[in-house]
Amino acid sequence: MEDKECNSGGFMRLLSEESCSSTVTGESCVNYQTEIFNQLPSSLARRRTHHHHQDRGTIETSHPVEKHPELAGEARDRASTQPIRSLPVCMQRKREARDLRHLQTRTVGRWESWKRNQRINRKRLGEQVGEAMSRLLPWSSTLHTIEGRFGVGVKAYFVFLRYLVYLNLLLCLVIGGTILIPTVVYDSDADRGLLRFEGNDSVLDFFVGSGFLERSPVFYGFYARSSLDLLCLNTPLLFLLGTLTVLILSLVMVVRRTVVGYKHTWLLGNRYNIHMSYKVFCGWDFCIQDPEVADLKLSFIRNELKLYLEEERFQQREARRTLGQWARLYFLRGLLHFLVLVLLGGAFCLIYHATKASQAERSGDYLILTVLFQYLPPIVITLVNFFLPHVFRHISSFEDYSITTQVNATLVRSIFLKLASLGMYLFFLFQNSQQDCWENQFGKEMYKLAVFDFLACFCNTFFIAYPRKWLVDRYPSSWLARLSGKQHFLIPFNVLDLVYSQTVTWVGLFYCPMLPFIETVKLMAIFYIKKLTVLQCCVPAQRMFRASSSSVLFHFMLLLGLIMAVITLGSNLHKFEPSSSCGPFVGSATVFNVTAVCVDSLPGPAQSTLRYLSSEAFVLPVILAQIVVLTSFESRRRANGKAIERLKDMLVMSTSDKHFLLKQHTLSLRRQKKTFKAPTTVSGTREGSPTTMKDPSAGIGEDSHIAQLKDPSAQPTGDDIKIDRGL
Amino acid sequence: MGNKQTIFTDEQFEAYQDCTFFTRKEILQLHGRFHELAPHLVPLDYTNQPDVSLPLALIVSMPELKENPFRHRIVEVFSEDGQGNMSFNDFVDMFSALCETAPRELKTIYAFKIYDFNVDNFLCKEDLEKTLNRLTKGELTPEEVNLVCSKAMEEADLDGDSKLSFSDFENMISKAPDFLSTFHLRI
């Protein structure tokens, strides 16, 4: 007999001819399982826990109950601890089980039944509360509509947006509590109101951040040492604490969301996992009632499967490339990478020149021109961030990667562009920071970035998206319409915009404490604007953006932005002195003087503890301990992985053994039957013993399925006669 | 519709509330839906537990099931005779097992039964192919179907017998992130 080895899934499965025909008898033995299969402990266990529907009239389930009454009793005990409604049986059985339990209740006693009733009532109350809470979540009906029409990817964007709104609301609360309210309550200067309008204020001040806005609590310069002036509880300390709390809270929340998503996607081993089994079994959404939505879902599923098939074909094509083709491809890719770097460098140069131009002194111009020049850096940054990602997308289509790699390459380049352009802008700003009250200046720049980002989004919707839709609808055959095509909602780029605006908030938080409030209002407005864009102007993309792995990516990008903000703020606070004319840190050499003063005023032991905690003698052992813990987790993970592989191999071998033994047993049974029966009835036994004819749901059905088996651990012949009937 | 005193007795309500995930109001709602599928067959008064079953063709015409590619299998699995004729008990049972509050284990058991087209307690290659064809409305070529089914089988089959037993299926579904959110009916 031949052995074929097929190496799939990391373990070996051995095929042999014996699985479909035997050298011992002339019959085929594909039905070997039917006679003894029902009596195997695993089949019995399965039948015990599953209680088939068709169990009232058929024989197959009554047999186990008759033959093994002790097992039936055990099953009943196990079932009695489960809530009745979770039993996988038909209604009649459930009613019987319920009546049985009620009988037991009378014997169980009033205390037990009262406790059970209380538990049931509590659970029902909990369910009702949960349902009410989920209805309170804002915008859930909108999200449902969007999911129905555009798929899960677009919904993931809006979910992310809602999450950012929650985050910013939380930040608003913290800042309001630690910074705003103490200032408002304890403000020492009674005639310095929150909003003071003076002579030459104008509406444009709102855009630039000067005039009345500069004197308001929006910027750093408003806050001063007020009447709250204890050693360890004063306005500067609260200001610092508020900012630090906000950053730590953001870090905790973003890391938590990233890790939760990470566990679901990367845990399974494949990186950009196209798990076919999930697609086949969990692909259809059972809630769909609308035929159009059903068609859309169908096309999504089809496209996902075609995407998988395309990736397979791409990998095959890749495997067939010759050396010459590889060389040419690498040369082309190197050239394109260089082009990308040139574009990035050009963008940074533009930003530099725009910064220099905006900081140059201008006088005698019209007010509008001044405002425009002040807005030059944000305009340049936004334009660069708008055009370059599309250029990157086109470049990556020439690089001949697989589709997922293309999308990822574009995404990585765009992230780098956005964060680095912001970083470069901050760097150029700080080269010119020797003015009076430079913190206010910096706060104003961040404010301008935030405001312009919103203006850009607004203009994009109403001056680009709507006209484009109108053009494509009214004149579908014109060249312009054909060039631009139908609009799709490009999820990665929109998410990058959100990450960018949130990063600006975090960076500017210290210098413009009201930024989270502005950001919350802005995000809510953006939600409605984007909802309008998606529902009115866009058509569903044919290619579905994979939602589960993409949400991890979104949160990871947010984490990157947060880290950049923290680094910027930290380096600022260390390098530059607080200015001497405005802000709560007037007079101190560094911002951390206030904490030093507070620590000095604490009692002796507390002081020495704090000093120890912040010294190297403490931090280094903590880092070492963390490294040790991480190493132990990593080695445990590896050991678990090896154990899983071993268990899988054992499982495959056990199943092969089982199939082999079943087959041998059946062969020996048939041989024995043949020796007792007349030759003409041989064909009658071919279909199996009489018991198996009446139960269609027992283990038949394998006629056409050839089980792969070969038991390498046993002798192929000679032992079967010894196998006992009562196996 | 009559008031609830004439449709079900209190004792019947208690039984339904214990055996399903529904409240009184929802059970009445379900009865209303069952009745409007065949008003001349389904009595309004269920107090003496009439033995009325509706054929498969009527049940799959419901809007909740109309667009579902597996609607025939679902109705067959939950019907007592396995042919798709559902009594009201089976009807309530179906919606209860597939409602949002049903636990994952219960849904996994029923999902396995639904996808097992030849009712042999295993998901063999043919079952997978039939599932995929229903899912894509037969628009993939046979080689593509074969490729996808082989890959799905390879991912989920742990014991190497080229069929998915219930434990294989359960293991695979427990890791699927979308199962609970997609596998439920809303009435």
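Throughout, a residue's number is its position along its own chain's written sequence, starting from 1. Working convention: letters from A go to chains and numbers from 1 go to ligands, in the order in which they are written. Given that the model is predicted, a residue must reach a pLDDT of at least 70 before its local features are reported, and side-chain atom pairs must reach 80 or more before they are shown or counted; all residues, however, enter totals for whole chains, interfaces and linings. Calculation of side-chain values draws on the structure's entire complement of heavy atoms; hydrogens and water are dropped beforehand.

## Concerning the overall build of chain A
1) Next: When you go through chain A residue by residue, the secondary structure sums to 26 helices and two strands.
2) Next: Buried residues are those whose accessible area, probed at 1.4 Å on protein chains only, stays under 20% of the maximum for their type, while exposed residues exceed 50% and partly exposed ones sit between those limits. Per-residue burial for chain A yields a buried fraction of 43% across its 727 residues.
3) Next: Whether two residues touch is decided by their heavy atoms; if any such pair falls within 4.5 Å, the residues are in contact. Contacts spanning at least 24 positions in sequence make up 75% of the contacts within chain A whose residues lie at least 6 apart.
4) Next: Method for areas: the Shrake-Rupley scheme with a 1.4 Å probe, in which residue coverage is limited to the protein chains shown. When the accessible surface of chain A is totalled, it reaches about 39000 Å², and 64% of it is carbon and sulfur. What counts as a helix is a DSSP run of H or I of at least four residues, what counts as a strand is a run of E of at least two, and both are numbered from the N terminus.

## Here we look at the overall build of chain B
1) Next: Of the regular secondary structure elements, chain B holds 11 helices and two strands.
2) Next: The helix and strand sequence of chain B, counted from the amino end, reads α-α-β-α-α-α-β-α-α-α-α-α-α.
3) Next: Counting the 187 residues in chain B, one finds 57% classified as buried.
4) Next: Considering only contacts in chain B between residues 6 or more positions apart, those separated by 24 or more positions represent 55%.

## So, the environment of L610 of chain A
All names here are of chain A.
1) Next: Topologically, L610 is positioned in helix α23 (residues 604-613).
2) Next: For L610, a relative accessible area of 37% corresponds to the partly exposed category.
3) Next: Once the C-alpha coordinates of L610 and V599 are considered, the two residues, 11 residues apart in sequence, prove to be 7.7 Å apart.
4) Next: Residues within four places of L610 in sequence aside, it is in contact with V599 and L602.

## With respect to the UniProt feature "domain: EF-hand" (unreviewed entry) in chain B
1) Next: Mapped onto the present numbering, the UniProt feature "domain: EF-hand" (unreviewed entry) falls at residues 144-179 of chain B.
2) Next: For residues 144-179 of chain B, the end-to-end C-alpha separation is 24 Å, with 64% helix and 0% strand making up the annotated structure. UniProt positions are given in the numbering used here, feature names are shortened, and annotations may be inferred rather than shown by experiment.

## Description of the domain arrangement of chain A
1) Next: Segmentation of chain A into domains returns domain 1 (110-141) and domain 2 (620-666).
2) Next: For domain 1 of chain A and domain 2 of chain A, the distance between their C-alpha centroids amounts to 40 Å. Per the annotation, domain bounds derive from an automatic or database assignment of domains.

## Points about the nonpolar core
Soluble globular proteins tend to bury their nonpolar side chains together.
1) Next: In these notes, a set of buried Ala, Val, Leu, Ile, Met, Phe, Trp, Tyr and Cys residues joined through side-chain atoms within 4.5 Å is what counts as a nonpolar core. Residues Y157, F158, F160, W506 and F510 of chain A are the most contacted members of the largest nonpolar core, which totals 99 residues.
2) Next: Sort the elements by how many residues they give to this core and helix α8 (residues 152-186) of chain A lands first, with 15 residues.
3) Next: In this structure F160 of chain A touches V495, L498, V499, F554, H555 and L558 of chain A, once residues within four positions along its chain are discounted.
4) Next: By size, the runner-up hydrophobic cluster in this structure holds 82 residues, among which are Y16, L28, F88 and F117 of chain B.

## Comments concerning the UniProt feature "transmembrane region" (unreviewed entry) in chain A
1) Next: Here, UniProt's "transmembrane region" (unreviewed entry) annotation points to residues 163-186, 237-255, 330-354, 366-388, 409-429, 552-571 and 612-633 of chain A.
2) Next: For residues 237-255 of chain A, the helix share is 100%, the strand share is 0%, and the end-to-end C-alpha distance is 27 Å.

## Focus on the environment of F37 of chain A
1) Next: Structurally, F37 of chain A is set in helix α1 (residues 32-37).
2) Next: Residues F37 of chain A and A596 of chain A, 559 residues apart in the sequence, show an inter-C-alpha distance of 78 Å.

## Focus: the interface of chain B and chain A
1) Next: Taken together, the 73 residues of chain B in the interface contact 66 residues of chain A.
2) Next: Defined here as a combined quantity, buried area equals the accessible surface (1.4 Å probe) lost by two parts on assembly, summed across both. Regarding the contact of chain B and chain A, the summed buried area is about 6700 Å², with carbon and sulfur atoms giving 60% of it.
3) Next: Together, C19, E67 and L135 of chain B form the three largest contributors to the area buried by chain B at its contact with chain A, with a combined 10%.
4) Next: Each reported salt bridge corresponds to a side-chain nitrogen of Lys or Arg within 4 Å of a carboxyl oxygen of Asp or Glu. The interface formed by chain B and chain A contains five salt bridges.
5) Next: When the shortest N-O distance is used, the salt bridge between D93 of chain B and K94 of chain A registers 2.8 Å.
6) Next: Definition of a polar contact: a pair of N or O atoms within 3.5 Å, with one able to donate and the other able to accept a hydrogen when the atoms are protein atoms, and with sequence-neighbouring residues admitted only if both atoms are side-chain atoms. Run the count over chain B and chain A and you get nine residue pairs in polar contact (both at pLDDT 80 or more).
7) Next: Counting residues per element, the side of chain B that touches chain A draws most heavily on helix α9 (residues 142-156) of chain B, at seven residues.

## Here we look at a nonpolar patch on the surface
All names here are of chain A.
1) Next: Exposure above 30% relative accessible area and the absence of a salt bridge qualify a residue for a patch, where like charges join within 9 Å and nonpolar side chains (Val, Leu, Ile, Met, Phe, Trp, Tyr) within 5 Å. A grouping of L610, Y612, L613, F618, V619, L620, V622, I623, L624 and I627 is seen on the molecular surface, where their side chains present a nonpolar patch of about 860 Å² in accessible area.
2) Next: Among the secondary structure elements, those contributing two or more residues to the nonpolar patch are α23 and α24 (616-676).
3) Next: In terms of residue count, the dominant contributor to the nonpolar patch is α24 (seven residues).

## Remarks on a positive patch on the surface
1) Next: Two residue types count as positive, namely Lys and Arg, and two as negative, namely Asp and Glu; His and chain ends fall outside the count. Think of each charge as sitting on NZ of Lys, CZ of Arg, CG of Asp or CD of Glu. Taken together, the side chains of K115, R119, R122 and K123 of chain A make up a positively charged region of the molecular surface.
2) Next: Mapped onto the elements, K123 of chain A comes out in helix α6 (residues 110-136).

## Points about the pattern of salt bridges
Residue and element names in this part refer to chain B.
1) Next: Summed over the entire model, instances satisfying the criterion amount to 22 salt bridges over all chains.
2) Next: Here E155 makes a salt bridge to K151, at a shortest N to O gap of 2.8 Å. Residue E155 and its partner K151 are located together in helix α9, separated by four residues, close to a single helical turn.
3) Next: Relative accessible area serves as the criterion here: at 24%, E155 is assigned to the partly exposed category.

## Digging into helix α15 (residues 376-398) of chain A
Residues spaced three or four apart along an α-helix point in a common direction, a consequence of the helix completing one turn every 3.6 residues.
Residues and elements named next belong to chain A.
1) Next: What a helix is expected to span follows from its residue count: subtract one and scale by 1.5 Å. For α15, spanning 23 residues, the distance from its first C-alpha to its last is 34 Å, which sits close to the expected 33 Å at 1.5 Å a residue.
2) Next: Buried within α15 are the following residues: P377, P378, V380, I381, T382, V384, N385, L388, P389, F392, I395 and S396.
3) Next: Packing partners of the buried residues in α15 comprise α13 (323-359), α14 (367-374), α16 (403-430), α17 (438-474) and α19 (491-508).
4) Next: Looking one or two residues beyond α15, the residue adopting positive phi is D400, at roughly 55°.

## What about a negative patch on the surface?
1) Next: Where like charges cluster on the molecular surface, the negative patch consists of E96 and D99 of chain A together with E11 and E14 of chain B.
2) Next: Mapped onto the negative patch, the elements with two or more residues apiece are α5 (91-108) of chain A together with α1 (10-19) of chain B.
3) Next: Looking at the element boundaries, E11 of chain B is found in helix α1.
4) Next: Owing to a relative accessible area of 56%, E11 of chain B belongs among the exposed residues under this scheme.

## Focus on the side chain of R162 of chain A
1) Next: Relative to the helices and strands, R162 of chain A is located in helix α8.
2) Next: The contacts of R162 of chain A, once residues within four sequence positions are left out, are L137, P138, W139, S140 and L143 of chain A.

## Thoughts on the packing of aromatic side chains
1) Next: For Phe, Tyr and Trp, where Trp contributes only its six-membered ring, two rings pair if their centres lie within 6.5 Å, and the inter-plane angle classes them as stacked under 30 degrees, edge-to-face over 60, or tilted in between. In total, this model carries 50 aromatic pairs over all chains according to the counting rule given.
2) Next: Geometrically, the ring pair formed by F527 of chain A and Y528 of chain A is edge-to-face, given 5.7 Å between the ring centres and 80° between the ring planes.
3) Next: Consider the rings of F8 of chain B and F13 of chain B, whose centres lie 5.5 Å apart with planes at 70°: the pair is edge-to-face.
4) Next: The buried category is assigned to F13 of chain B, whose relative accessible area is 0%.
5) Next: One aromatic cluster is present, built from ring pairs that chain together F281 and F286 of chain A together with F70, F112, Y115, F166, F169, F179 and F183 of chain B.
6) Next: By the criterion adopted, a ring carries a charge over it if an Arg CZ or a Lys NZ lies within 6 Å of its centre and within 35 degrees of its normal. The aromatic ring of Y163 of chain A is capped on one face by R257 of chain A, whose charged end is 4.2 Å from the ring centroid.
7) Next: Between R73 of chain B and the ring centre of F117 of chain B, over which it is positioned, the NZ or CZ distance is 6.0 Å.

## Examining helix α7 (residues 140-150) of chain A
All names here are of chain A.
1) Next: If you check which residues of α7 are buried, you get T142, L143, I146 and F150. Each buried residue of α7 lies within a common arc of 95° when the element is viewed along its axis, so the set occupies one face.
2) Next: Buried positions along α7 lie against α8, α12 (291-319) and α20 (515-537).
3) Next: At the C-terminal side of α7, G151 shows a positive phi close to 100°. Note that the arc is computed from the directions linking the helix axis to the C-beta atoms.

## With respect to the confidence of the model for chain A
1) Next: Per-residue confidence for chain A gives a mean pLDDT of 76; residues scoring 70 or more make up 77%.
2) Next: This model gives residues 1-23 of chain A a pLDDT under 50, and the stretch forms 50 contacts once residues within four places in sequence are excluded. Every residue gets a pLDDT, meaning the predictor's confidence in that residue, from 0 to 100.

## A short note on the environment of T145 of chain A
Residue and element names in this part refer to chain A.
1) Next: Checked against the element boundaries, T145 lands in helix α7.
2) Next: According to the relative accessible area criterion, T145 is partly exposed, its value standing at 41%.
3) Next: For the pair T145 and K155, spaced 10 residues apart in the sequence, the C-alpha separation amounts to 9.1 Å.
4) Next: A distance of 2.8 Å separates a polar atom in the side chain of T145 from the backbone oxygen of S141.

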